[in-house]
Amino acid sequence: MRVVVIGSGAREHALCVALSSDPAVSALACAPGNAGTRSVAEPLPVDVTDPDAIAALAVTWRADLVVVGPEVPLVAGAADAVRDAGIACFGPSAEAAQLEGSKSFAKHVMTAAGVPTARAWPVGGPAELETALDEVAQLDPGAPYVVKDDGLAAGKGVIVTTDRDAAVAHGRAVLDAGGAVLIEEYLDGPEVSLFALSDGTTVLPLVPAQDFKRRDDGDAGPNTGGMGAYAPLPWAPPGLVDEVLATVLQPTVDEMARRGEPFSGLLYAGLALTSRGLRVVEFNARFGDPETQVVLPLLETPLAGLLHAAATGTLADVPPLRWREGSAVTVVVAAPGYPEAPRTGGPVTGADGDGILHAGTSLAPDGSVVAAGGRVLAVTAVGPDLAAARQAAYERVAGVRLAGAHWRTDIALAAVEGRITVG
Ligand code: AMP
Ligand code: GLY
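Fair warning: this is a prediction, and the values are worked out from it, not measured in the lab. (Residues numbered from 1 in each chain as written. Chains lettered and ligands numbered in written order. Predicted model: local features only at pLDDT ≥ 70, side-chain atom pairs only at ≥ 80, totals over all residues. Heavy atoms only, no water.)

Caption draft 1: Spotlight on the packing of helix 7 (residues 126–139) against helix 8 (residues 164–176). Running from N to C, helix 7 and helix 8 point in directions that differ by 145 degrees, and their axes come no closer than 10 Å. In this structure, the crossing between helix 7 and helix 8 has a hand that is right-handed. Facing Pro126, Leu129, Glu130, Leu133 and Asp134 of helix 7, the residues of helix 8 in contact are Arg164, Ala167, Val168, Gly171, Arg172 and Leu175. Looking at the contact of helix 7 with helix 8, its residues break down into six nonpolar, one polar and four charged. (Axes fitted to C-alpha atoms, helices over the stretch in contact; angles between N-to-C directions. Helix = DSSP H or I, 4+ residues; strand = E, 2+ residues; numbered from the N terminus. Left-handed = near helix turned anticlockwise from the far one by under 90°. Contact = heavy atoms within 4.5 Å. Nonpolar A, V, L, I, M, F, W, Y, C, P; charged D, E, K, R; others polar.)

Caption draft 2: Structural context of the nonpolar core. Among the nonpolar cores identified, the biggest contains 77 residues, and Val4, Val66 and Tyr230 are the most heavily contacted of them. Ranked by the residues each element gives to this core, the list is headed by helix 9 (residues 240–258), at six residues. Dropping the residues within four chain positions of it, tyrosine 230 is found in contact with Ala209, Gln210, Phe212, Trp235, Val294, Ala328, Val329, Leu386, Ala412, Ala415 and Ile420. Membership of the second largest hydrophobic core comes to 46 residues, among which are Ala18, Val294, Val295 and Leu357. (Core = buried A, V, L, I, M, F, W, Y, C linked by side-chain atoms within 4.5 Å. Buried < 20%, exposed > 50% of the residue type's maximum accessible area, 1.4 Å probe, protein only.)

Caption draft 3: Layout of the sheet that holds strand 15 (residues 228–231). Taken together, five strands build an open sheet; the order of strands is 12-15-18-22-19 and the sheet is antiparallel. Since the sheet does not close on itself, it has two edges, and those belong to strand 12 (210–211) and strand 19 (356–358), each with one partner. The sheet contact formed by strand 18 (residues 327–334) and strand 22 (residues 375–383) spans eight bridges and is antiparallel. Within strand 22, the residue paired with serine 327 across the bridge is glycine 383. The sheet strands contacting helix 1 (residues 10–20) are strand 19 and strand 22, and the helix crosses strand 19 at an angle near 125 degrees. Across the sheet, helix 12 (residues 386–398) lies against strand 15, strand 18, strand 19 and strand 22, angled at about 30 degrees from strand 18, the strand it touches most. (Pairing = 2+ DSSP bridges.)

Caption draft 4: Examining the site of ligand 2 more closely. Around ligand 2, the neighbouring residues are Asp211, Lys213, Gly225, Tyr268, Asn284, Arg286, Gly288, Asp289, Pro290 and Glu291. A distance of 3.3 Å separates a nitrogen atom of ligand 2 from a polar atom in the side chain of tyrosine 268. Here an oxygen atom of ligand 2 sits 2.8 Å away from a polar atom, N or O, in the side chain of arginine 286. Look at ligand 2: alone it shows 200 Å² of surface, and the protein chains cover 91% of it. Across the shell around ligand 2, the residue classes break down as two nonpolar, three polar and five charged. (Near = heavy atom within 4 Å. Polar contact = N/O pair within 3.5 Å; in protein donor to acceptor, adjacent residues only side chain to side chain. Areas by Shrake-Rupley, 256 points an atom, 1.4 Å probe, with all protein chains shown as cover.)

Caption draft 5: Focus on helix 11 (residues 303–311). Taking burial as the measure, the nine residues of helix 11 include seven buried ones, the bulk of the element. For helix 11, every residue scored as buried is listed here: Leu303, Ala304, Leu306, Leu307, Ala309, Ala310 and Ala311. On the buried face of helix 11, the contacting elements are helix 1, strand 4 (65–68), strand 5 (88–90), strand 10 (191–199), strand 11 (203–205) and strand 16 (264–274). Phi turns positive one or two residues past the end of helix 11, at glycine 313, with a value near 75 degrees.

Caption draft 6: Spatial organisation of the site of ligand 1. Around ligand 1, the structure places 15 residues, and the nearest of them are Glu185, Leu187, Glu191, Lys213 and Glu282. Here an oxygen atom of ligand 1 and a side-chain polar atom of lysine 103 are 3.2 Å apart. Look at ligand 1: alone it shows 470 Å² of surface, and the protein chains cover 92% of it. Of the residues assigned to the shell around ligand 1, the class counts are seven nonpolar, one polar and seven charged.

Caption draft 7: Quick peek at the pairing of strand 16. Counting buried positions over the 11 residues of strand 16 gives 11, a clear majority of the element. Sheet topology note: the strand 10/strand 16 ladder contains nine bridges and is antiparallel. Each residue of the ladder has a partner; that of aspartate 199, found in strand 16, is serine 264. Note that strand 16 and strand 17 (residues 277–284) share seven bridges and pair antiparallel.

Caption draft 8: Spotlight on the pattern of salt bridges. Counted under the stated rule, the structure contains 20 salt bridges. In this structure, lysine 213 and aspartate 211 form a salt bridge, with 3.7 Å as the shortest nitrogen-oxygen distance. Judged by its relative accessible area of 11%, aspartate 211 falls in the buried class. (Salt bridge = Lys/Arg side-chain N within 4 Å of Asp/Glu carboxyl O.)

Structure below.
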């Protein structure tokens, strides 16, 4: 099977590593890829925002399967274009990707499907913004305000704050930029990311993971695309995956099919385990980053066959997934200034070892690796337990050099120390 992965982040590097170890894969490409994916996948230039260019590349390269990594091409219709060209594609249609592309669309689907989620108030203008904030403050006095950009914002469109002025300022900034705003009820409790493969009918959950959205230790600082992750979750209540499958994933996939927009690809449920039960924080329509970097190294079942089955409506025929014993941890090494104003171009050394997945890197003309994005590397290790995996990941981080780089030092620490409780 000839497989091409679309995208250029650490998620795509992780996908390429997993696919390259699948004997069913005869050729592997990553378009456009980065300095790290080149070691396992042929680099192919492409504009990922152009669905026709992606489909044309798949045809020219004679791909049997296209795996779309990021949300931007999916929302733009890349999977539709590839399928129209007669090639199997792992990833939802543009319509189905609205589960991620529009938070208000996702709310409508969840309401129709009876899926538990935060109450939300759509806001069309500045006056409604103040009224909605008053209303949530009355319902849950003292709880932080949650103000969201309704559209795609690379994980940076949400503010969670007790500072009313900051909440108003964020909402106004989104409205002024022509966007729509959603105010939400605050959800307490630990967060879980659960990925599931779907072929539009059958849903196959993977192992739960947790990511770290804030920039700094102790969950301080601004939201980012994700600063680290670990899997599985030693503190997860037994039966969590079955519960999410029954109350969230399957009802959502069924509702999308009922609407005539079957969801095939990767359904990512971002969940909060609140004192009042589990709630969906958000859906994404693709593999999460950085959670993919810890989920895939634990998967023993060859990946290409699974993604192909999801893309071709045959997931019901797949035998139960096999998982490796142990845990995985990934630590994101970010460029100076990330997330507000990352400074790229700095030389990166020590980034070619085992488990060092490239996020934002490129090759300089002299063949050396330079930082090319805000998140530069996702340094990953697997170990017999979470403590061992964590230690191994941080040992690998210590071998990397990028001037001014920063990373969190507490990824998976609370879980290792048994400090996470579910209400
Ligand atoms: P989202 O882009 O919707 O995933 O939001 C980014 C992050 O903001 C989430 O992972 C949560 O940490 C936080 N967040 C979003 N919605 C809520 C909510 N209703 N209550 C509490 N935290 C939230
Ligand atoms: N881990 C967050 C995301 O992929 O959106």
